[in-house]
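Chain by chain, the residues run as shown.
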Amino acid sequence: MSVETKSVNAIRILSAEAIQKANSGHPGICMGAAPIGYELFAEHLNFSYKNPKWDNRDRFILSAGHGSMLLYSLLHLFGYDITIEDIKNFRQLDSKAPGHPEYGVTPGVETSTGPLGQGIANAVGMALAEAHLAATFNRKNYPIVDHYTYVLCGDGCLQEGMSYEACSFAGTQKLGKLILLYDKNDITIEGNINSTFSEDTATRFAAQGWQVIRVNDANNLATLKKAIELAKSDLTRPSIIICNSVIGYGSPLANSADAHGAPLGEENLKKTKEYFDWNYAPFEVPEDVKEHCLAIADEKLKAEDEWNELFEKYSAAFPELANQYKNYMQGYEPDFNGILERLDFSKPDATRSSGGKVLNEIAKEMPNLLSGSADLSPSTKTEIKGAGYLSPENRTGRNIHFGIREHAMAAICNGIYLHGGLRIVCSTFFSFSDYMKGGIRMSALMNIPVIYVMTHDSIGVGEDGPTHQPVEHLIALRSVPNLKVFRPCDGRETVAAYVEALTQNSPTVLVLSRQNLGQYEGTGLKALTGGYILSDTAKPDVILMGSGSEIDLCMGAKELLQKDGIKARVVSMPCIEEFERQTAEYKEKVLPKSVKARVCVEAASPYSWYKYAGDFGEIIAMNSFGSSGPAKALFEHFGFNKENIAEAAKISIQNVKNRR
């Protein structure tokens, strides 16, 4: 048995043993795709196990994240900081080998994967980032950005609709350094895919502009090597390598759904070891396999040394470009106070329009900022003016036409950020955020600061009707951990929203209006507290609070109440998540417990507001879908006017008096 074959078998056995010890996991893909993983790491992937974040490494994404033990076995054998003890603790609390790959937890893991299809779209984003950075910085004889993005997927990933979106986009963009390794074993949890996935995958990808390569037997390392070399040789289009494999190869459960998502069982594990003539103790890696894999990994360290030497020469030849490259990688922080001073917020304006102005000011100071939309930038106002559109003919363009692909767009943007060197804004209508939820959730899970601009934020959308009027979306996104949802009431609060988005290590959603809103004295960067007193009075009788367009109504209600001798405080609450991070003292100052009469106003679901309304407060919100009609008529129809808010304030005050 050659040491290469023995190494492949070590990956299989190590994976199966870890899954058996955890009594949980997915051995099938680990055993069937082990040769694919080994061939890639041993012969093709450029990496530095001593510096897993080396800029010019090749990226490898396991889109079929349930096969995580395959990745952990590879990382362990090829020198990464994953010990045999870590592998023994597979799927245990605080392990470096969690059930699915997690970004920031395991060295060598480029992105969190598990929801099928997400990893493919992440890889598309990484390949797009590589193409843009290469066009921006490479010069003749100085290819400082020059690497491939590899992604391993299974049948399940390609059944998910987002993979079609992402692969269609990749083909259109001609991302020649993107290589998709398709582990085709024809089995999913419910059994053979003949009743669920009978399409001609090769023809599908060819039609999308991909190079299609077939490997009839995934166990044939020589054939895999030729296939990957062929894929790398065509830089005019992305490549898919269709690798026919056997799920659970070598085990008694091979080629059955039983091998997919459960341990083999002690008896079957024993028989599997017999099949591979494996006579080693549990979790023992043969010395010749250790030496072989580590020697390969050590040899690959030279690539980083060579790149460092190249970058030194590049710095001497192009000092300004080299400095700019470093700034891209380290990040920029714009002068937000200067932006506030330069922009005129004296006239009523839609916050989507204000957002466009702010974005373009920021873009002047952040050349590494890209912006894309799902075919809606004229409406979302997110185009970076004069910066061009990224395409095969213009790789330096800073705007991205994602097409009508919200689901993939979010995940592609995650990949763009994860690649390193770039910041990314993407936009669509707020009602379509449901299509993006999977990608947004992964941004939050990974704590990566992708910026989501969601315009047309309420029933204020108007005539397009309830299909385009978000009602439940604010509470849905506010419930996502690590995600900041910012709904500004005017231009200055919109600047604050961008400050939040660009200075936090977490994603931010900017929820912006279609219709014009007023501009208010006292707004600005204080909105970074999430909630603050916008208009006050001595010893308020009632607190009026809300976000976005409804602040204008609260201000109008305050004036009406004042005529009746009722003193009202108006609190703008653009970001509930940020307000909740403030000290108890600050929150008491803004919303004192002594003022129990309160009215919360938001043209969306009421569920965000019960905590702040308290026992005596009133909530004016949407308890149904919207309707089609002019925005002003809809606000009146659903009770969003200053008169109703003033009346609700009086009811709340009376509630307090009645229950004392």
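Here is a short report on the structure shown in this document. Because the structure is a prediction, the values reported are computed rather than measured.

**Some details on the pairing of strand β11 (residues 451-455)**
Stage number 1. Burial of β11 is extensive: five of the five residues sit out of reach of the surface.
Stage number 2. Residues I451, V453 and T455 point to one face of β11 and Y452 and M454 to the other, with burial holding for every one of them.
Stage number 3. Relative to β11, strand β10 (residues 423-429) runs parallel, the two sharing five bridges. Its bridge partner being in β11, T428 is matched across the sheet by M454.
Stage number 4. Sheet analysis places β11 next to strand β13 (residues 508-511), joined by four bridges and oriented parallel. Directly across from I451, in β13, lies its bridge partner T508.

**A closer look at the packing of aromatic side chains**
Stage number 1. Summed over the entire model, instances satisfying the criterion amount to 31 aromatic pairs.
Stage number 2. Aromatic side chains F311 and Y325 sit 5.3 Å apart centroid to centroid with 50° between the ring planes, which places their arrangement in the tilted category. Of this pair, F311 sits in helix α12 (residues 287-317) while Y325 is found in helix α13 (residues 319-330), placing the two residues 14 residues apart along the sequence.
Stage number 3. Owing to a relative accessible area of 4%, Y325 belongs among the buried residues under this scheme.
Stage number 4. With centroids separated by 6.0 Å and ring planes inclined at 65°, the aromatic side chains of F579 and Y612 adopt a geometry described as edge-to-face. Remark: Y612 occurs in helix α24 (residues 610-613) and F579 occurs in helix α22 (residues 576-580); sequence separation between them is 33 residues.
Stage number 5. Pairwise contacts between aromatic rings join F137, Y142, W307, F311, Y314, F318, Y325, Y328 and Y332 into one cluster.
Stage number 6. Above the ring of Y148, the side-chain terminus of K177 is found at 5.9 Å from the ring centroid.
Stage number 7. Against the face of Y148 rests K232, its NZ or CZ located 5.5 Å from the ring centre.

**Some words on the side chain of R405**
Stage number 1. Looking at the secondary structure, you find R405 in the loop between β9 (399-401) and α17 (406-419).
Stage number 2. Buried charge without a salt bridge: R405, with E165 as the nearest opposite-charge side chain at an N-O distance of 6.0 Å.
Stage number 3. For R405, the residues in contact, after removing those within four places along its chain, are E165, S168, F169 and A374.

**Focus on the state of the cysteines**
Stage number 1. Under the defined criterion, the tally for this structure stands at zero disulfides.
Stage number 2. C243 carries a free sulfur, and the closest cysteine sulfur to it, the one in C153, is 9.4 Å from it.
Stage number 3. In this structure C293 is a free cysteine whose sulfur lies 16 Å from that of C30, the closest cysteine sulfur available.

**Description of the sheet that holds β11**
Stage number 1. Judged by pairing direction, the sheet is parallel, and its six strands sit side by side in the order β9-β8-β10-β11-β13-β12 without closing on themselves. A single partner strand is all that each edge strand has here, and the edge strands are β9 and β12 (484-486). Taken pair by pair, the neighbouring strands of this sheet meet at an average axis angle of 20°, ignoring direction.
Stage number 2. As paired strands, β12 and β13 are joined by three bridges and run parallel to one another. Note on β13: the bridge partner recorded for K484 is T508.
Stage number 3. Contacts from helix α20 (residues 491-503) reach β10, β11, β12 and β13 within the one sheet, and its direction differs from that of β13 by about 165°.

Rules used in this analysis
Residues numbered from 1 in each chain as written. Predicted model: local features only at pLDDT ≥ 70, side-chain atom pairs only at ≥ 80, totals over all residues. Heavy atoms only, no water. Buried < 20%, exposed > 50% of the residue type's maximum accessible area, 1.4 Å probe, protein only. Helix = DSSP H or I, 4+ residues; strand = E, 2+ residues; numbered from the N terminus. Pairing = 2+ DSSP bridges. Phe/Tyr/Trp six-rings, centres within 6.5 Å; stacked < 30°, edge-to-face > 60°. Lys NZ or Arg CZ within 6 Å of the ring centre and 35° of its normal. Lys, Arg positive; Asp, Glu negative; His and termini not counted. Salt bridge = Lys/Arg side-chain N within 4 Å of Asp/Glu carboxyl O. Contact = heavy atoms within 4.5 Å. Disulfide = S-S within 2.5 Å. Axes fitted to C-alpha atoms, helices over the stretch in contact; angles between N-to-C directions.

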